[in-house]
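One letter stands for each residue in the lines below.
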Amino acid sequence: MKILIGMALAIFVARAQVTFERIRHAESEPGNWLTYSGDYSAHRYSALDQITSQNVKHLRPLWVHQIDALDKAETTPLVVDGIMYVTESPSNVVALDTRTGRPMWSFLRAVPKDVRLCCGQVNRGVALLGDLVFVGTVDAHLIALDRRTGSVRWDVTVANYKTGHAITAAPLAVKDKVVIGIAGGEFGIRGFVDAYDANTGKQAWRFWTVPVKGEPGIETWAGDSWKTGSAATWITGSYDPDLNVIYWGTGNPGPDWNGDVRAGDNLYSDCLLALDADTGKLKWHFQFTPHDVFDLDSTEVPVLFDGMFRGSARKLILFANRNAFYYVLDRENGKFLHGRPYAKQTWARQLDDRGRPVPVPGIEPTEEGLKIYPHPAGGTNWYSPSYSPKNNLFYVAARESGGLYFKGEADYKPGAEFNGGGMRNLPGDPGFGAIRALEPTTGELRWQYELFSPPWAGVLSTAGGLVFGGCDEGYFFALDSSTGKPLWRFQTGGKIVSNPISYLSESKQHVAIAAGHAIYVFALD
Amino acid sequence: MPASPTLSFLPLLLPLWLFQAEPTSEIPKQNPHASAADVERGARLFRTNCGVCHGPAGNGGRGANLAQPSLRRASNDQALFLVIRQGIPGTEMPPGWWVLDDHEMWQVAAYVRSLGRVPPENVHGDAQAGERLFRTTGCIGCHQVALEGGNLGPSLTDIGSRRGVSYLRAVLLDPASSLPEDFLQVQAVTSDGKRITGIRLNEDTWSIQLRDLSGHLLSFWKDDLASLEKQPGRSPMPSYRGRLSDQELDHVVAYLVSLRGDR
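Residues numbered from 1 in each chain as written. Chains lettered and ligands numbered in written order. Predicted model: local features only at pLDDT ≥ 70, side-chain atom pairs only at ≥ 80, totals over all residues.

Here we come to helix 11 (residues 246-258) of chain B. Spacing of three or four residues puts side chains on the same side of an α-helix, whose turn is 3.6 residues. All names here are of chain B. In this model helix 11 runs 19 Å from its N-terminal to its C-terminal C-alpha over 13 residues, within 8% of the 18 Å that 1.5 Å per residue would give. When helix 11 is considered as a whole, its buried residues turn out to be Leu249, His251, Val252, Val253, Ala254, Tyr255, Leu256 and Val257. Residues of helix 11 that are buried make contact with helix 7 (127-136), helix 9 (159-162) and helix 10 (165-173). (Helix = DSSP H or I, 4+ residues; strand = E, 2+ residues; numbered from the N terminus. Expected span 1.5 Å × (residues − 1). Buried ≥ 20, exposed ≤ 12 C-beta atoms within 10 Å, placed from the backbone. Contact = placed C-beta atoms within 7 Å.)

Here we come to the domain arrangement of chain B. Split into domains, chain B comes out as domain 1 (22-115), domain 2 (127-179 + 237-258) and domain 3 (185-231). Inter-centroid distance (C-alpha atoms) of domain 1 of chain B to domain 3 of chain B is 41 Å. (Domains from an automatic or database assignment.)

So, about the interface of chain A and chain B. Contact with chain A, which involves 27 residues of that partner, is made by 21 residues of chain B. Sorting elements by how many residues they give to the side of chain A that touches chain B places strand 29 (residues 421-425) of chain A first, with 4 residues. The residue makeup of the side of chain A that touches chain B, split by class, is 10 nonpolar, 7 polar and 10 charged. (Nonpolar A, V, L, I, M, F, W, Y, C, P; charged D, E, K, R; others polar.)

What follows is about the environment of Ala43 of chain B. Residues and elements named next belong to chain B. Secondary-structure assignment places Ala43 in helix 3 (residues 36-49). Exposure remark for Ala43: the 21 C-beta atoms within 10 Å place this residue in the buried category. Once the C-alpha coordinates of Ala43 and Gln107 are considered, the two residues, 64 residues apart in sequence, prove to be 8.0 Å apart.

Residues and elements named next belong to chain A. The strand order 2-38-37-36 describes an open sheet built from 4 strands, whose pairing is antiparallel. Strands with a single pairing partner mark the edges of an open sheet, and in this sheet they are strand 2 (59-66) and strand 36 (501-505). Across this sheet, the average inter-strand angle for adjacent strands is 30°, counted without regard to direction. Of the pairings in the sheet, the one linking strand 36 to strand 37 (residues 508-515) comprises 5 bridges and is antiparallel in character. By the bridge assignment for strand 37, Leu504 is matched with Gln509. (Pairing = 2+ DSSP bridges. Axes fitted to C-alpha atoms, helices over the stretch in contact; angles between N-to-C directions.)

It is worth spelling out the environment of Ser166 of chain B at this point. Residues and elements named next belong to chain B. With respect to the helices and strands, the residue Ser166 is situated in helix 10. Note on Ser166: 11 C-beta atoms within 10 Å, which makes it exposed. Sequence spacing of Ser166 and Val123 is 43 residues, and the spatial spacing of their C-alpha atoms is 9.6 Å.

It is worth spelling out the sheet that holds strand 21 (residues 325-330) of chain A at this point. Residue and element names in this part refer to chain A. Strand order in the open sheet made by the 4 strands is 19-20-21-22, with antiparallel pairing throughout. Two strands in the sheet have a free side with no partner beyond their single neighbour: strand 19 (303-309) and strand 22 (336-341). For this sheet the average axis-to-axis angle between neighbouring strands, irrespective of direction, equals 30°. Relative to strand 21, strand 20 (residues 312-320) runs antiparallel, the two sharing 5 bridges. For Leu316, the partnering residue across the bridge sits in strand 21 and is Asp330.

Here is the structure:
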């Protein structure tokens, strides 16, 4: 027995540190899930192939971890060397043994009662670097925990939660820094992306997503409207280690549905930002929806892809935007290469040759309610897409629904919602969803599998030829990644508002997903 | 050492005290700010602060439909004020005191109450005669009143507090004219040819649950069905046009309007 414990310890010590190099080469250790999207390219793809289209019918729940919180479980678990790190509402972290599902330690964060979030006290996961675990909190702190004990190493205030700032995104560990985005796009905050020294918590840089007077872009905001310009950054971006550039999406301008008070393009709302990882300096930006009046946050996950585009090898970004268009950009310079709708939209006539949408003339929310597609929740939303190198396909969980958009008053009060209107679902038209497989450089539909409701769960593709997804009615399911044929499903009993992952435990492939208020882990019989 | 330890702790205690639930005895039972001007101001505040979830007209969206005479979490003015002021823990309903003062919250409460007020209408019929017709013309076979009646249609125990005279009369004549948003009649045909008509209780990508016209609860995998027809805009309730005279309709409506629930 002593020998066994000694061996286990030796393995732990040998693999103790989650170095930058390990994350950078995450594809070489598919047994772990080291960062939010699986790798820096944000493919959410597992090279594990034990679970296949032939044997997935034998997939069974192995254990369930119940979360003692009422809010949605949006977490993406990270797994390293036999331990799974999971966040729980509001901003707690628990380390679970992947063999048994039993907790090793918990970090319980007491948050003030008056935190302000538009959409629930949620958290989407941690980042790992060295021997630390990083978590953002709903009261806008960034905290580093000891990976062995869960004890606090440092705790910094990122912003004032009383003005509607909060952290719900998983941080991204890059080199010796931890990068984090801020939520609060419905509260008229001034958004930013921050980086902190991983060891000390000292702020390394901040990129403001709304310029001030004297800076480029200020001319895109009428009067003082930039002061409440929002452009929050509430979803984890991706990173290109060769270019040393972080790619991060930004959210809607504030107020959401009343653009009268903020004439102009409203930079850098609804953008993809390319930031120097060392300095936070802006390399380029691409704005998907200038002067947005439909709450079309571009806080989706940017997928990095190296491939042939019209005959030449290019470094690309694939981006399924909430505005229902699919984009292919050059990630070296931000140049628009291609775009087309992947879900129904009625707000724009087309994209022009620079990728700028040509809106239907005069289209904006009204006091009576304007009907457009997509619904304010978008053609997709924050949950993750996936790219499979095995199939060379881009997978997205698409939402097919419309909404009624209302324009209203926009009186800014610090800490109060600053929406300038409201929305309703279309009466009698609940819409539907679909898992769609797109050819990556053209966005052409290769196959789709329809879902009863517009989904709130991301997808994972695997080398076993599978795409895993989840739906509002609680099913966690697997489709054939080549054809979209449904192969397996399990009823979790709770709405799925999260992203799947895969990893090895005791040399066996596992798949995990948060559903309802629990983490479910599956393995073959 | 401070002369008075108690006093030195005051600044620390004060913020904590602010989070304590207020004694409800201090809060008026009835809304002190419910004039027409208050309702109007409340409507403006509502659209700015509440409309994003509850819909600009208060009839629901991500948040609950408030255009109802009785609200589950706010049976009286005081309770409604407290819900607005403190929010609902464990839900996305935030505390109103972040952004509104007490006066403004009462004005919002006045507006919310105005949404569910059923305008008084003249009732012409005789409720007792209506109850007899309700029992003899088939209504009670499908609708429950208090503890009696069928379960295919919705319970009518408190229908009088939710619906007005003209609405009820219109629905008796044309039952499909006002179906709830998620109401759907379906017809399923099983692989062995059995045809089942029922009301959809639930549905997902792979399965459907329904209550057939005899009240049986049924569940099917869609793959096991030969066909599944959705019949939006249809209701199993028959029209009473021509089956009841105008006067009899008045009686039934008078009876329904008299049903105000147990509370």
